[in-house]
Structure formats: structure tokens, C-alpha cells
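What follows is each chain in one-letter form.
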Amino acid sequence: MTQDEQKQLVAREALRYVVEDAWLGVGSGSTANFFIDALANSRLRIKGAIASSVNTAERLKAHGIDVDELNNVSDIPVYVDGADELTASGAMIKGGGGALTREKIVAAVARKFVCIVDQSKKVDTLGTFPLPIEVIPMARSYVAREVVRMGGYPEWRMGFTTDNGNVILDVSDLRIDDPVALEDRINGIAGVVTVGLFARRGADVILLGTPAGVETIVPKR
């Protein structure tokens, strides 16, 4: 089974978690795109979607799914999104596509975070995938120096601007043994909008695509 087939498998499985007649949070990236396509082909009735990126909003609208602003919605029962890396405890690295801040905000509002990934994304320890940090442009060099002091190697994602008008630093060479502590430490640096560590608000349910089918993991809190 190919990686894309595993993604399609978990995307379809995630439909079981959609609450009808309610708002649905929808993430960004290739696996989330498979979920959007599956949602559009289903008969599920939702009030509409809250998108975590401009690209996601455009894809939803192209399928005829209503999209609203988060400021107009007070309750999101379920948020469905992928991850670049995750552990069985539900901690994740997200932001490879640059939508980490909006993803983190929608995840914070949602009552349940359903993470859909293929088997390659599951790791024992986070940090092989470069850790994205969204940064206010004027603070880019300062934040990079602070990250170096932590032992990381930051690289400016040149030519890329987030939907919020900011820049991304991708940090390599960080072994993340304590995701919550590192999330708090990086978020405490002046000029950081947010870091792509989703540990304080991790996944509530992980749908893992494997050659044998979908494995459901419910992290212990």
C-alpha cells in the first residue's frame, strides 16, 4: 500500500468522527486535502467548516462546503488535521506547510483533535523533521540566535510568507525529549508567534494508516 493510499484510508476513517449539524475544524496539508475530498463525497451534513489556512478554505469552497471565520463560531466539536511527526502520546510537530499558527488556534478551540497520518509520521522521539517556528519578521535574526543557544540549527524559509504575514524558521538538530517544556521555552522568546510543537494541546485520537489498515490510537493523558 502506497503512502497516498494510507492517507486516503485514514481520511475516510476520520469521517466517522464528524459531528453532523455542527461546525468542523479542518487542517492543512496533503492528508487534510484527502479528508476534504472524502468529506465532499460523503453525505454528512455540517453547518460549515473553519479552515486553518487560505489554501484549505479555497479547497473547501471549491467543493461547495461553506467556510466561516473562527471569530463567528464558539464551538467546534471536532478538528481533523495531519502532522509532520507524532508520537503515541499525541505530541506532534506541525507546520511543514506553514499554517502552524492557525492550526494551533483551531485545535485549541476544538473539543476533540483527530490526527490523521500515514505510518511514516509516527516516531518514538520528535525532532527528525525540522521544527517550524513562525516569527515576526523584525525578530527573525534574534529568534535564530536564541534557538542556536538551545542547540538547534535554524534555517530561514526564504521566499515564504505565512497567511499571517510572518516568516518561518525551520530548526534542525533538536532532540525533543520533553515536548511540553520546549514548546513553552520557544513560545517565550520575544518575536515568536508560535512554534510547531503541539504538545500542550496534542491529538485526542490518532488514525494511523498502515499497510494492514487503520490503527486507532487514543493517547493517555
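Residues numbered from 1 in each chain as written. Predicted model: local features only at pLDDT ≥ 70, side-chain atom pairs only at ≥ 80, totals over all residues. Heavy atoms only, no water.

A.B. asks: Help me out: how do you make sense of the packing of helix α1 (residues 3-14) against helix α2 (residues 30-41) in this one?
C.D. replies: Think of two packed helices as two axes; the pair is described by the angle between the axes and how far apart they sit. Direction vectors running N to C along α1 and α2 enclose 50°, while the axes themselves pass 8 Å from each other. Taken together, α1 and α2 sit at an angle that is classed as oblique. Every pair of crossing elements has a handedness; the one defined by α1 and α2 is right-handed. Across the interface between the two elements, D4, K7, Q8, V10, A11, R12 and A14 of α1 pack against S30, T31, F34, F35 and A38 of α2. The residue inventory of the contact of α1 with α2, partitioned by class, reads six nonpolar, three polar and three charged. (Axes fitted to C-alpha atoms, helices over the stretch in contact; angles between N-to-C directions. Helix = DSSP H or I, 4+ residues; strand = E, 2+ residues; numbered from the N terminus. Parallel < 35°, antiparallel > 145°, perpendicular 65-115°, else oblique. Left-handed = near helix turned anticlockwise from the far one by under 90°. Contact = heavy atoms within 4.5 Å. Nonpolar A, V, L, I, M, F, W, Y, C, P; charged D, E, K, R; others polar.)

A.B. asks: It is not clear to me how the sheet that holds strand β4 (residues 85-86) should be interpreted in this structure. Could you clarify?
C.D. replies: The strands making up a sheet are joined through hydrogen bonds of the backbone, oriented either antiparallel or parallel. Taken together, three strands build an open sheet; the order of strands is β4-β5-β11 and the sheet is antiparallel. Both outer strands of the open sheet, β4 and β11 (197-198), are each paired with one neighbouring strand and no more. Relative to β11, strand β5 (residues 92-93) runs antiparallel, the two being bridged by two bridges. Paired with I93 across the bridge in β11 is L197. (Pairing = 2+ DSSP bridges.)

A.B. asks: Can you help me understand the packing of aromatic side chains in this one?
C.D. replies: Two measures describe an aromatic ring pair: the distance that separates the ring centres and the angle between the ring planes. One pass over the full model with this rule turns up one aromatic pair. An angle of 55° between the planes, with centres 5.0 Å apart, marks the rings of Y79 and F113 as tilted. A residue pair is termed long-range when its members are at least 10 positions apart, and Y79 in strand β3 (residues 76-81) and F113 in strand β6 (residues 110-118) qualify at 34 residues. Across this residue pair, the class does not change: Y79 and F113 are buried. If you follow R140 out to its NZ or CZ, it ends over the ring of W156, 3.7 Å from the centre. (Phe/Tyr/Trp six-rings, centres within 6.5 Å; stacked < 30°, edge-to-face > 60°. Buried < 20%, exposed > 50% of the residue type's maximum accessible area, 1.4 Å probe, protein only. Lys NZ or Arg CZ within 6 Å of the ring centre and 35° of its normal.)

A.B. asks: What is the right way to read the pattern of salt bridges from this model?
C.D. replies: Going through the model one piece at a time under the given rule, you end up with 14 salt bridges. As a salt-bridge pair, R59 and D37 come within 3.0 Å of each other at their nearest N and O atoms. Of this pair, R59 sits in helix α3 (residues 54-62) while D37 sits in helix α2; the two residues are 22 residues apart in sequence, bridging distant segments of the chain. Look at R59 and you get partly exposed, because its relative accessible area is 32%. Through salt bridges with shared partners, one network takes in E20, D21 and R45. (Salt bridge = Lys/Arg side-chain N within 4 Å of Asp/Glu carboxyl O.)

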